[in-house]
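A structural walkthrough
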Amino acid sequence: MSDSVITTAGRLTLSSPDAFLASIPHMIGFPPKDSIVIVGLAPDRAGAASTVRVTQRFDRPEAELSGDAARQFAEQATEPMIRSGSTEVIIAVFADKYPDPDRELPATAMVDALITALDDGDVGIRDALYTDGTSRWSYGCDNPSCCPPTGRVIPEKVRTLVAAEFALAGSAMVESREALADEVAPADPAARAQVAEQVLAVEQARDDALAAAGTGPTATDGPSRAREDWREQSITQIAGLTSGAPAGAREIARVAAGLGDVRVRDTVLWDLMQPSADTSAAIAGLTDVVRHAPDGHVAPAATVLAICHWSTGDGARANAALQRAHDDDPDYSLAALVRTSLSAGLPPQTWRDALAGLTRDTCRHGEPPRTPQATVPAVAAPRARASITASPQGLAL
């Protein structure tokens, strides 16, 4: 085992720039291309090592930024690091271009602006690195004995060890960011059409039951009671799907229709954030719903899926699910709130903490009139396209 990759008691320690750069694709879920990655660090509880607090990836601007443009970009990019409580960061620029040994490294002006913005926020800089995918260079070191102008090759042995440790921890990396989007892309049109028919049938049966409850001697409270019965049935059906039960078009339709009701959705979210919930099974079931739900019924399921991904620290997949929600309904408010929270660098525990002060009955019936998302602070999201994720528990540098 390389001394740059050490595992003890379930804790993965990366003690070299090579191991750090090799870990980035696993931390964000895919190999970054033309990207700037910022990793926020903070001391662990014992103060013995720095642990990863938050990881943020930005697309590199197509044109090199300088002056006010670089400063504005840097301020927006570094805000999540400051909000997350990071005490120091590592900056990494990923590109496929081998740098000219006689010129400054690519994106130097951007990195300088990031360092200035972080310094203004009292966040230290552990290192700033550039890699073309094969070798690495340092923005802060020009000593040829350790940082030669031709770069240092990242050993394949280190990449293999890092990949093995992340795989052992259950961290799944895909080949590209596009592959993440494919995981929640619309399914075969014929399969979606079958679900669409079933959604119409489910909603018609619900409306018929409400209409029938509005007649006769109990008409005063009949519709309300009928709606509550329908909600309870929906919650039960969704619980089956999110616990790993097989699902056909009818079951998927019931989940898609049920999550469109805020009281059902919030109760399901409360259930999914409990320690006993099978998050992996829920993600698998909700992914199936997102892929097969008809247009106009995707956003609620995609948002719940995003929250499940976020709660496990998988910000890249959370963002892919949020994009599906946005494509289906740009005005879906919960999706917008979750995206803002991710862009602000709030940790995965945020949603569980927000629900900790609420009972299931509150989520189910909406009394008092307050929802979990109201406790999550809203902040301005960086204009640059970004994906933010927490890293696997136990990762130290």
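Residues numbered from 1 in each chain as written. Predicted model: local features only at pLDDT ≥ 70, side-chain atom pairs only at ≥ 80, totals over all residues. Heavy atoms only, no water.

Regarding the overall build of the chain
The secondary structure content of the chain amounts to 15 helices and ten strands. When the 397 residues of the chain are sorted by exposure, 52% land in the buried category. For the chain, restricting intrachain contacts to residue pairs at least 6 apart in sequence, the fraction spanning at least 24 positions comes to 74%. (Helix = DSSP H or I, 4+ residues; strand = E, 2+ residues; numbered from the N terminus. Buried < 20%, exposed > 50% of the residue type's maximum accessible area, 1.4 Å probe, protein only. Contact = heavy atoms within 4.5 Å.)

Some details on the pairing of strand β4 (residues 50–59)
The element β4 is extensively covered by neighbouring structure, given that nine of its ten residues are classed as buried. Where strand β3 (residues 35–43) lies against β4, nine bridges are found, and the strand directions are antiparallel. Across the sheet, the residue bridging to G40 is V54, located in β4. (Pairing = 2+ DSSP bridges.)

Overview of the confidence of the model for the chain
Of all residues in the chain, 86% have pLDDT values of 70 or greater, and the mean over the chain is 83. Note that residues 5–9 has pLDDT below 50 and, in this model, twelve contacts with residues that lie over four places away or in other chains. (pLDDT = per-residue confidence, 0-100.)

Considering the pairing of β3
Of all nine residues in β3, eight are buried; the element is thus mostly enclosed. By the bridge criterion, seven bridges tie β3 to strand β5 (residues 88–94) in an arrangement that is antiparallel. What sits directly across from I36, in β5, is V93.

As for unusual backbone geometry
Among all residues save glycine, negative phi is the norm, and among peptide bonds the norm is trans. Here D34, not a glycine, exhibits a phi torsion of approximately 45°, which is positive. You can see D34 is positioned in the loop between α1 (17–28) and β3.

With respect to the packing of aromatic side chains
A full pass over the atoms with the stated rule returns three aromatic pairs. With centroids separated by 5.8 Å and ring planes inclined at 65°, the aromatic side chains of Y130 and W137 adopt a geometry described as edge-to-face. What makes Y130 buried here is its relative accessible area of 0%. Put simply, the rings of Y98, Y130 and W137 touch in pairs and so form one group of aromatic residues. Over the face of the ring belonging to W230 we find R206, whose NZ or CZ atom lies 5.3 Å from the ring centre. (Phe/Tyr/Trp six-rings, centres within 6.5 Å; stacked < 30°, edge-to-face > 60°. Lys NZ or Arg CZ within 6 Å of the ring centre and 35° of its normal.)

Details of the packing of α1 against helix α4 (residues 156–168)
The contact between α1 and α4 brings their axes to 9 Å, and the two run at 40°. Judged by the inter-axis angle, α1 sits oblique to α4. Crossing of α1 against α4: the hand is right-handed. Here α1 contributes D18, A19, A22, S23, H26 and M27 to the contact with α4, which in turn contributes V158, R159, V162, A163 and F166. Taken together, the residues that form the contact of α1 with α4 break down as seven nonpolar, two polar and two charged. (Axes fitted to C-alpha atoms, helices over the stretch in contact; angles between N-to-C directions. Parallel < 35°, antiparallel > 145°, perpendicular 65-115°, else oblique. Left-handed = near helix turned anticlockwise from the far one by under 90°. Nonpolar A, V, L, I, M, F, W, Y, C, P; charged D, E, K, R; others polar.)

A few points about helix α14 (residues 349–356)
Looking only at α14, the buried set comprises T350, W351, A354 and L355. The arc enclosing the buried residues of α14, seen along the axis, measures out at 130°, which places them on a common side. Those residues of α14 that are buried are in contact with α9 (262–272), α11 (299–311), α13 (333–343) and α15 (360–365). (Arc of directions from axis to C-beta.)

Some details on the environment of S333
Turning to its location among the elements, S333 is positioned in helix α13. Counting along the chain gives 34 residues from S333 to A299, while the straight-line C-alpha distance between them is 9.8 Å.

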